[in-house]
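Structural characterization, general
Chain by chain, the residues run as shown.
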Amino acid sequence: MRIGVLASGRGSNLQAIIDAIEKRTLDAILAVVISNKAEAPALERARSYGTPAVFLDPKTTADREAYDRIILEQLRRYDVELVALAGYMKIVTSVLIEAYANRIMNIHPSLLPAFPGLAAQKQALDWGVKVSGCTVHFVTEGVDAGPIIRQAALPILEEDTEETLAARILVEEHRIYPQALQLFAEKRLTVEGRKVRIRENKSPHGASLLASDS
Ligand code: GAR
């Protein structure tokens, strides 16, 4: 499976994907990393790994749709089959969503549908919830609203700050994002309306690369 990653920043989720490919718990090829930020550390991580790293400047296009058309050109150029948003801080338009229907995943640092959008960890703390976590979902139109593939939950501690909570959630993100991608690679995901069905891995030959299917 050829993955294309879109990232705007630090790229720790991108790194988790690279590490999973290297450890062979994710059976995929990182085909290209694209960023809307020239200075995104994610681009540097891609280069170090030997993956094409492409900066596309949003200022050169008239609107979001036109920008997504130039992204689409790159995704096709690198034969990308699945798009993984990893800290990609731009709204994805119908141009990409229709071209890659049910083939774009995103990771979000809350238990969706709670706290979509920006600063999800701060939203959770401000609301006073006792449990938070992260969600991997397919991307549809509507921010952070697509069918859910995998979630991990963790307790919010009395002493948590936005930073400590974000750091603990990030550990879970790095665990479940490669798992969700591997489920896709194993063709075990089916979208039925809002629900993502995960097929059990019953094949005696094709033992899952997932350490745990739980
Ligand atoms: C991650 O926490 C990711 O869940 C979040 O941005 C961070 C990116 O970190 N994404 C969103 O909030 C998207 N709505 P990274 O660049 O180190 O992977």
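Refer to the preceding data block for the structure.
The structure reproduced in this document is the subject of the present report. Just so it is clear, the model here is predicted, and its values are computed rather than measured.

1. Structural notes on the overall build of the protein chain
In terms of regular secondary structure, the protein chain is built from 6 helices and 9 strands. On C-alpha atoms alone, the protein chain measures out to a radius of gyration of 17 Å, which is about the 17 Å that the 2.2 N^0.38 rule sets for 214 residues. Taking the principal axes of the C-alpha coordinates as reference, the protein chain spans close to 45 × 45 × 35 Å. Taking the intrachain contacts of the protein chain between residues at least 6 apart in sequence as the baseline, contacts between residues at least 24 apart amount to 61%. Just so you have it, the protein chain exposes about 10800 Å², and 52% of that area is on carbon and sulfur atoms. Charged side chains in the protein chain number 26 positive and 27 negative. The centres of these two groups are separated by 4 Å.

2. Looking at the side chain of Ser12
Here Ser12 lies in helix H1 (residues 12-23). In this structure Ser12 touches Arg45, Leu170 and His174, once residues within four positions along its chain are discounted.

3. Re the packing of aromatic side chains
The final tally for this structure, using the stated rule, is 1 aromatic pair. A ring pair is formed by Phe138 and Phe184, whose centres lie 6.4 Å apart and whose planes are at 65°; its orientation type is edge-to-face. Taken together, the positions of Phe138 in strand E6 (residues 131-138) and Phe184 in helix H6 (residues 162-185) put the pair 46 residues apart, joining distant regions of the chain. For Phe138, a relative accessible area of 1% corresponds to the buried category. Above the face of the Tyr67 ring, Lys90 is positioned so that its terminal group lies 4.9 Å from the ring centre.

4. Examining the site of the ligand
Neighbouring the ligand are Arg10, Gly11, Ser12, Asn13, Gly87, Met89, Ile107, His108, Pro109, Leu170 and Glu173. Side-chain polar atom of His108 to a nitrogen atom of the ligand: 3.2 Å apart, as the coordinates give it. Glu173 has a polar side-chain atom sitting 2.8 Å from an oxygen atom of the ligand. When isolated, the ligand has an accessible area of 450 Å², and the protein chains bury 90% of it. Its residues assigned to classes, the shell around the ligand comprises 4 nonpolar, 5 polar and 2 charged.

5. Here's the deal with the environment of Ile149
Among the structural elements, Ile149 can be located in strand E7 (residues 148-155). Along the sequence, Ile149 and Leu183 sit 34 residues apart, while their C-alpha atoms lie 9.2 Å from each other. Dropping the residues within four chain positions of it, Ile149 is found in contact with Met105, Val136, His137, Phe138, Ala180, Leu189, Val196 and Ile198.

6. Describing helix H2 (residues 41-49)
Considered for burial, the residues of H2 that qualify are Ala42, Leu43 and Ala46. An end-on view of H2 places all buried positions within 100° of arc, on one side of the element. Those residues of H2 that are buried lie in contact with H1, strand E2 (29-35) and strand E3 (53-55). Looking one or two residues past H2, Gly50 carries a phi angle of roughly 90°, positive in sign.

7. Observations concerning the pattern of salt bridges
Working definition: two side chains of opposite charge can pair if their charged atoms are close together. For the coordinates displayed, the defined rule picks out 6 salt bridges. Of the charged contacts, one joins Asp126 and Lys122 as a salt bridge, the two residues approaching to 2.7 Å between their closest N and O atoms. With Asp126 and Lys122 both in helix H5 (residues 120-127) and 4 residues apart, this pair spans about one turn of that helix.

8. Some points on the side chain of Asp68
Tracing the chain through its elements places Asp68 in helix H3 (residues 64-77). Buried within the structure, Asp68 lacks any salt-bridge partner; Lys90 is the closest side chain of opposite charge, at an N-O distance of 6.6 Å. Among all residues touching Asp68, those that are not within four sequence positions of it are Ile91, Val92, Thr93, Val95 and Leu96.

9. Points about the nonpolar core
Val5, Met105, Tyr177 and Leu181 are the most contacted members of the largest nonpolar core, which has 40 residues in total. Looking at this core element by element, the count peaks at 8 residues for H6. With residues near it in sequence (within four places) discarded, Val5 still touches Leu14, Ile17, Leu30, Val32, Val33, Ile34, Ala84 and Ala86.

What counts and how
- Think of each chain on its own: its residues are numbered from 1, step by step along the sequence as written.
- This being a predicted model, a pLDDT of at least 70 is required before a residue's local features are given, and a value of 80 or more before pairs of side-chain atoms are given or counted; all residues contribute to the totals for chains, interfaces and linings.
- Computation of side-chain values covers all heavy atoms of the structure but excludes hydrogens and water.
- Secondary structure elements are taken from DSSP: a helix is a run of H or I of four residues or more, a strand is a run of E of two residues or more, and numbering for both begins at the N terminus.
- What the globule rule says is 2.2 Å times the number of residues to the power 0.38, and the radius of gyration is computed from C-alpha atoms.
- Residues are treated as being in contact if the distance between any of their heavy atoms lies within 4.5 Å.
- To measure how exposed things are, a 1.4 Å probe is used in the Shrake-Rupley method; for residues, cover is taken only from the protein chains shown.
- Charge counting follows a simple rule: Lys and Arg are positive, Asp and Glu are negative, and His as well as the terminal groups are ignored.
- For the purpose of locating charges, the reference atoms are NZ of Lys, CZ of Arg, CG of Asp and CD of Glu.
- The criterion for an aromatic pair is that two Phe, Tyr or Trp rings (for Trp, the six-membered ring) have centres within 6.5 Å, with stacked assigned to planes under 30 degrees apart, edge-to-face to planes over 60 apart and tilted to the rest.
- Only protein chains enter the calculation, and the probe is 1.4 Å; a residue is then buried if its accessible area is under 20% of its type maximum, exposed if over 50%, and partly exposed in between.
- We call a charge positioned over a ring when the NZ of a Lys or the CZ of an Arg lies within 6 Å of the ring centre and within 35 degrees of the ring normal.
- We define proximity as follows: a residue is near a molecule or strand when any one of its heavy atoms falls within 4 Å of that partner.
- The term polar contact refers here to a pair of N or O atoms within 3.5 Å; inside protein, the definition further demands a hydrogen-donor-capable atom paired with an acceptor-capable atom, and it admits residues adjacent in sequence only when both atoms are side-chain atoms.
- Three classes are used, and their members are as follows: Ala, Val, Leu, Ile, Met, Phe, Trp, Tyr, Cys and Pro are nonpolar, Asp, Glu, Lys and Arg are charged, and the others, Gly among them, are polar.
- Each C-beta atom gives one direction from the helix axis, and the arc is the one those directions make.
- Whenever Lys or Arg places a side-chain nitrogen within 4 Å of a carboxyl oxygen from Asp or Glu, that contact is recorded as a salt bridge.
- Only buried Ala, Val, Leu, Ile, Met, Phe, Trp, Tyr and Cys residues count toward a nonpolar core, and they belong to the same one when joined by side-chain atoms within 4.5 Å.

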